[in-house]
Amino acid sequence: MTAVEPDAAPERDLALTVNGRRKRVRIEDRQLLVDVLRDNLGMTGTHIGCANGDCGACTVRMDGQITKSCLVLAASAEGADVTTIEGYSPRGTLDHVQQAFWDLDAFQCGFCLPGHLFAVRDLLDRDPDPGEDDIREALRGNLCRCTGYVNLVAAAGEAARREREDQSP
Amino acid sequence: MIRTHLRYHRPDTPDDAAALLAEHHGRVAVLAGGSQLLPRMHRGEVDLDHVVDLRGLGLRAIERTGGRVRLGAMVTYDDALASALLAEAVPLLPRVARGVTGGRQLTGHATLVGALCHAFPGTDMPGALSALGATVELHGPDGPRECPVDEFLLGAQSIDRRPGEFVAAVTVDGVARSGYCKVKHATGSWPIATASAIEDGDALTVTLGAVQARPLRIVIPDPTRSAVDDAVAAAVTAPWTDVLAPGDYRARIAPVVARRALTELREGAHA
Amino acid sequence: MTTTPTPPHSLRTAAEPDTVPDPPPGAPDLHETDGHQPLRRDGDLLLTGRARFVDDIAPRGLMHAAILRSPHPHALIRGVDATRARERADVEVVLTGADAVDLATPLPHFFEPSIVGCRTTEFRCLATDRVRWVGEPVAAVVATSLAAAEAALDDIVVDYEPLPAVLDADEALREDAPVLFEEWGDNRLGLFPFAEGDAAAKIAAAPHVIRDELRVGRQHVAPMETRGYVAEWEPGGRLTLWASTQNPHPLRTNLATTLGVPEDRVRVVATRMGGGFGHKFNGYGEEPLVCLLSRLADAPVKWIETRKDCLLVGAREFTHRFEVGFDDDGVVLGLSDRIVGNIGCLAPWGGWSMTFPAGMTFPGPYRIADYAIESVPVVTNKAPWNGFRGYGKEQAAMALERIMDLVAEHRGIDPAEVRRRNFIPPEAFPFWTAAKHLDSGEYAAALDKALALAGYDALRERQAAALAQGRHLGVGIGFELTPEGGDFAGSFVRGFDTSTVRVHPSGAVSVLTGVTSPGTGNETSIAHLVAREFGIAVEAVGVTQGDTDSCPYGFGNFTSRSLATGGAAAVLAARELRERMADAASALLDADAADFEFRDGAVVSRTAPETSLTFAELAETIYRRGLAAPGLDQPLLEVTRIDLPHNFHHVPDDQGRFSAYPSFPYSAHVALVEVDAETGVVEVLEYSAIDDCGVVISPGFVAGQLYGAIAQGIGGALWEEVPYDEDGAPAAETFKHYLTPRAPDLPSFRLEHQHTPSPFTLLGTKGAGESGVGGAMAALLNAVNDGLRPLGVHAHRVPLTPPVVLDAIVSGGAP
Ligand SMILES: Cc1cc2nc3c(=O)[nH]c(=O)nc-3n(C[C@H](O)[C@H](O)[C@H](O)COP(=O)(O)OP(=O)(O)OC[C@H]3O[C@@H](n4cnc5c(N)ncnc54)[C@H](O)[C@@H]3O)c2cc1C
């Protein structure tokens, strides 16, 4: 009996900008964006928590829009400009959101951080002075099992305050 | 992991899309926002060899056509929320979009038409589009075809889509006055029951979503409490059961969501 | 006893008031540091996506495993045909249960049931002749890609002969029920009785008696990171397993046993953990399985649990049938509760043992002389349990607190007052019950503070005003006693742990500890404690956890023990080193060793502050001149210690009382909800809690633990459940069905602390971490029922989902 030779999975070259750098990678058509980021590009800060769009741990920013990368077929992202948590702030720095998360103990295990960081950033870019309800609504696409969201919500408010303070002359 | 040897297609014209869909019929799916399709493929619940991405076709416009409003297949929840035209002419759609969970990581690319085509009973869009008397515009190998949404939705996760067809747009009535109510367990849960209340001249209707396998449009002759309750109770004959709620629960709350949607119609949204 | 608020906004700047209690003898002086909590270690790595979790480990040549699982709840395996899977070009290994029998011994239990008098049996890493739950592993495939491995599962044909299955615990106890393990004769795993006095007689003689039932559905941990393992079995015989596990050392021991490898040739690395909460206790068949697959594939192999598989693991499905007798004043005279736990199938995983604390925790914070509690673990054809934060203690909290409210309702007394009348008073400590030696407690004070924090009287007024408008607000109290730090001799669930402290010539300090962190911050706190002992900057202290090659043997992370044990051991080791270094300083500087203090990075004479050496100079000198200079006769700057045993009573006393848990934190909770009486939907409006876990090392981290526990408790009380369908399969496969709380579902919690030190622990600490789950579940259960009171109904089925609540309302289930 001869071994069954499966015909190869269709592949393609994909051009992407990831964290400001041009990348060209060989991918299979069936790969999700999250898998390409993690497996092909070694960007393992983007996490897979549910592969169903529910938890938000795979969040990236894609062409300016925050996106769950487990819900994107990589092949459809040709030419996209992707920012992952590794490129969320310039290397070696923390932005106000990250620093407030740290200062206010907004995370414990940290697995869910991509979703929470990007969602708060996205909120503050639209609304520099959000109320508690706005913050909670902005986080609704994410799950956290450690913090009960208390410090997360406080940290988002604190980050907004620090950014407003920076802006005011 | 997607286990099949999937091939990704991104046609540039509706005819190419239809041709691809026809050629691979049975082993192909339309890819819109991907938020339902990709996880199901990932879990091995659907096995396909091809996906046809509609992104190359445009189809993201929201525009007036005569007295109606036309939404392209790739219009997302965020597009609906941002549309001045919808806010004025069909406020029900942004109202519904506002209550969709998943966060802006989802609503920026999940489409209204994708939700309609998924046709899962426990969701918002089928009921809302049915309430708006939507017409589904399909495009297939033989060209365009139109289908009223109530005929398009055949049952739970079953739609009237013929080989090679995809939905290019939906067209809805302009309905300036509407009310919406949704009951669900918690933020993350599927909707358990929805009601869209519409006032069109003298006619008052409530369309229930998520209560049965298909949306249920009920004419409300008299908006008093007992009349609404009676009309709804009479209409709900085969309530939907799923993991989150048994049919008898849905039947019980159906009159409540109907009344609340009517209240919102009368008094305006509080949220 | 004092109260300190949790700093709500800035943890770094909030000054802890000067009200921290005098620490018990031997505890470090914490006054200076409380409130000036260091930032969580490696926070910057996590915040920039550079921390590595198990799925981020990818050795060169990595292959991927997929597991074929049983689709039947109960069936015989008549044969497994893997021929077609083996023929696939991209498949490297196919392993069936039959193949694995010769390669691995039966799996050691996380907690061997026979130690506590239960029945037991043997399990393999893959089922051989019979499956007993949907999801039970039957075969495994290794392929070059995960997609290929998963695809190959379809090519394995298993010939099953379905058997009758039983899913309900009450049905499983019936005589005609299908039996899971035939050698047992029935489905009872064991029986845990906890009793004092004569409950039956007291209840019979009591002026008032209530009998009722409380049911809790099957729940699940849902950590954000699922489990996973990466094994690399080198040709030379050395095996490395990177594992998302809470117990790296016991896991290594078990692998050595199961796989027949000398223990020192196995290395387990517990990777950074994306949440544990009991889900990552060891005992899973996949642990040795992935190792075997690596050996057979001759390549590193990774297996990561899917979310659907993660949701298989159960917990908390209990039924309580209780009876309480009480007097006119609401004082409880006698109490009985027969608790049945539907533990699913038995497995080597430890979760079934939650049925022990479920009974042992009774009668909680209450002084009830006569009680009879029975907890019965029953096996069914659902997937097994593993641990879940709360560990059964939440069951006692729910039942007891519900009982207090029922008594209050019956007597027309305020529920807070009924609790005050039944609490163990502060002067009664230490206090014995059948299976607990309670350390200390100011229960009524904690409750009163919680009521004040919640504005209890104002809540009652709001409730009355709302009711006048037809709205149903409910106020619920939950008081939780949380036995922590359990020690079960004979198992690897031990109450002590080990730490090594090493001072390097440069003055850098390493702590290597047997406890692990699932994100609780204990590594930060341990570094902090050791830095304080040496008077050096916390940055100079490195903490290594989870790597069995470098850390001393330890038991890992469970029952909120990590800081109390590993931290205390590190403090003891640091103190011993400090003495050695002071002796050396005394020889070098010709001053009295007792005169030296360690502060600001230096070793300084108290009487002559100019007589000093920097910490680094002293360390380096000891290395360079030890044994060669007079007085420098102990140059070993490394000490390994275990923490001291405290408040364990393993040998029953003359009245048969014993205590496997040494510390008893508690918390008082008040919740405000609104029940939508037309739909059954419950909204959580406000939440307040007081926590008392003794002396607190890092108040911010303790608060964080509490917040998380409360959220898990609220989720468990209101939304979280894995129902099974008629075919015996779990019906919740995603987070759209298993509804853990999201940010909009919860209010901000108000939290303050009370500190009643334990007289028994080195640091005066009590465990912190599990406390809060049961209090929250109880508070919500009571709040919803309080909201339903005007409707004359009770809802005693948790979670209180809208269908459950509406059912109670519609069916008019009379109180
Ligand atoms: C986290 C999360 C939260 C959610 N919350 C809600 C909620 O609160 N309420 C709610 O109602 N829903 C909710 N949903 C469901 C959501 O609305 C749908 O997933 C989404 O709108 C589907 O659109 P899509 O573009 O992503 O569809 P896709 O996944 O691309 O497609 C869905 C299905 O429709 C087919 N299809 C798509 N477009 C066409 C077309 N033009 N012609 C023919 N067939 C087509 C696809 O082949 C597929 O079978 C949620 C989903 C997620 C992931």
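Residues numbered from 1 in each chain as written. Chains lettered and ligands numbered in written order. Predicted model: local features only at pLDDT ≥ 70, side-chain atom pairs only at ≥ 80, totals over all residues. Heavy atoms only, no water.

Hey, could you run me through the site of the ligand in this one?
For the ligand, the set of nearby residues contains 36 residues, the closest of which are Val 30, Gly 33, Ser 35, Tyr 77 and Thr 111 of chain B. Positioned at a junction of chains, the ligand has nearby residues supplied by chains A, B and C. Here an oxygen atom of the ligand and a side-chain polar atom of Tyr 77 of chain B are 2.6 Å apart. In the environment of the ligand, an oxygen atom lies 3.0 Å from a nitrogen or oxygen atom belonging to the backbone of Thr 101 of chain B. Relative to its unbound accessible area of 970 Å², the ligand is 95% covered by the protein chains. No other element matches helix α7 (residues 112–118) of chain B, which puts five residues into the shell around the ligand. Residues belonging to the shell around the ligand are distributed by class as follows: 17 nonpolar, 13 polar and six charged. (Near = heavy atom within 4 Å. Polar contact = N/O pair within 3.5 Å; in protein donor to acceptor, adjacent residues only side chain to side chain. Areas by Shrake-Rupley, 256 points an atom, 1.4 Å probe, with all protein chains shown as cover. Helix = DSSP H or I, 4+ residues; strand = E, 2+ residues; numbered from the N terminus. Nonpolar A, V, L, I, M, F, W, Y, C, P; charged D, E, K, R; others polar.)

Would you mind showing me how to read the domain arrangement of chain C here?
Many structure descriptions define interface size as the accessible area lost when the parts assemble. Residues and elements named next belong to chain C. Taken domain by domain, chain C holds domain 1 (54–163 + 223–310), domain 2 (192–220 + 313–487 + 661–811) and domain 3 (496–643). The gap between the C-alpha centroids of domain 1 and domain 3 is 40 Å. Every contact between the two is made by 18 residues of domain 1 and, on the other side, 15 residues of domain 3. Both faces considered, domain 1 and domain 3 share a buried interface measuring about 1,300 Å² in area, 47% of it formed by carbon and sulfur atoms. A per-residue breakdown of the area domain 1 buries against domain 3 is headed by Gln 246, His 249 and Arg 267, which together make up 39% of the total. Taken together, the connections running from domain 1 to domain 3 amount to three salt bridges. Across the pair Asp 547 and Arg 267 runs a salt bridge, and its minimum N-O distance is 2.7 Å. Summed over the shared surface of domain 1 and domain 3, the result is eleven residue pairs in polar contact (both at pLDDT 80 or more). Sorting the residues of the side of domain 1 that touches domain 3 by element identifies α7 (248–259) and β12 (266–270) as the ones contributing at least two each. (Domains from an automatic or database assignment. Contact = heavy atoms within 4.5 Å. Buried area = accessible area lost by both parts, 1.4 Å probe. Salt bridge = Lys/Arg side-chain N within 4 Å of Asp/Glu carboxyl O.)

What's the story with the sheet that holds strand β12 (residues 193–200) of chain B in this structure? I'm lost.
In a beta sheet, neighbouring strands are held together by backbone hydrogen bonds and run either parallel or antiparallel to one another. All names here are of chain B. Strands sit in the order β11-β12-β13-β14 across an open sheet of four strands; the sheet is antiparallel. In the strand order of this sheet, the two ends are held by β11 (178–183) and β14 (216–219), each with one partner. Mean inter-strand twist for the sheet, computed between neighbouring axes without regard to direction, equals 15°. In this sheet, β14 lies alongside strand β13 (residues 203–209) in antiparallel orientation, the contact comprising four bridges. Bridged to Thr 207 within β14 is Arg 217. Each of β11, β12 and β13 is contacted by helix α11 (residues 247–267), which is oriented at about 145° to β11, the strand it contacts most. (Pairing = 2+ DSSP bridges. Axes fitted to C-alpha atoms, helices over the stretch in contact; angles between N-to-C directions.)

Looking at this model, I keep getting lost on the UniProt feature "domain: FAD-binding PCMH-type" (unreviewed entry) in chain B. Mind explaining?
UniProt marks residues 1–177 of chain B with the feature "domain: FAD-binding PCMH-type" (unreviewed entry), using the numbering shown here. Annotated as residues 1–177 of chain B, this span is 32% helix and 25% strand, and its ends, taken at the C-alpha atoms, are 45 Å apart. (UniProt positions renumbered as here; feature names shortened; annotations may be inferred.)

Sorry if this is basic, but what is going on with the sheet that holds strand β2 (residues 28–31) of chain B here?
All names here are of chain B. Spatially, β1-β3-β2 is the arrangement adopted by the three strands of the open sheet, whose pairing is parallel. Edge strands, defined here as strands with exactly one partner in the open sheet, are β1 (7–9) and β2. Pairwise comparison of adjacent strand axes, ignoring direction, gives a mean angle of 25° for this sheet. Pairing analysis gives four bridges linking β2 to strand β3 (residues 50–53), with the strands arranged parallel. Counterpart to Val 28 in the pairing with β3 is His 50.

I keep staring at the pairing of strand β7 (residues 143–148) of chain B and nothing clicks. Help me out?
Both faces of the sheet carry side chains from a regular strand, because those side chains alternate between them. Residues and elements named next belong to chain B. Across six bridges, strand β6 (residues 135–140) lies against β7 in antiparallel orientation. Counterpart to Thr 135 in the pairing with β7 is Pro 148. Where β6 hands over to β7, the hairpin turn is made up of two residues, counted between the paired strands.

How should I be thinking about the side chain of Thr 171 of chain B in this particular structure?
Residues and elements named next belong to chain B. Assignment of secondary structure puts Thr 171 in strand β10 (residues 166–173). Residue Thr 171 is classed as buried on the basis of its relative accessible area of 6%. A distance of 2.9 Å separates polar atoms of two side chains, one belonging to Thr 171 and the other to Glu 137. Excluding residues within four positions of it along the chain, Thr 171 makes contact with Thr 65, Arg 68, Val 69, Arg 70, Gly 133, Ala 134, Thr 135 and Glu 137. (Buried < 20%, exposed > 50% of the residue type's maximum accessible area, 1.4 Å probe, protein only.)

When you look at the interface of chain B and chain A in this model, what are you seeing that I'm missing?
With 32 residues of chain B at the interface, the matching set in chain A holds 29 residues. Of the roughly 2,400 Å² buried at the junction of chain B and chain A (both faces included), carbon and sulfur atoms supply 56%. If you sort the residues of chain B by the area they bury against chain A, His 5, Arg 104 and Gln 105 of chain B come out on top, with a joint share of 31%. Counting the contacts that link chain B with chain A gives one salt bridge. Where Arg 104 of chain B meets Asp 122 of chain A, a salt bridge forms, and the shortest distance between an N and an O atom there is 2.6 Å. Where chain B packs against chain A, one counts twelve residue pairs in polar contact (both at pLDDT 80 or more). Looking at the side of chain B that touches chain A, the elements that each hand over two or more residues are β1, α2 (37–42), β3 and α6 (104–107) of chain B.

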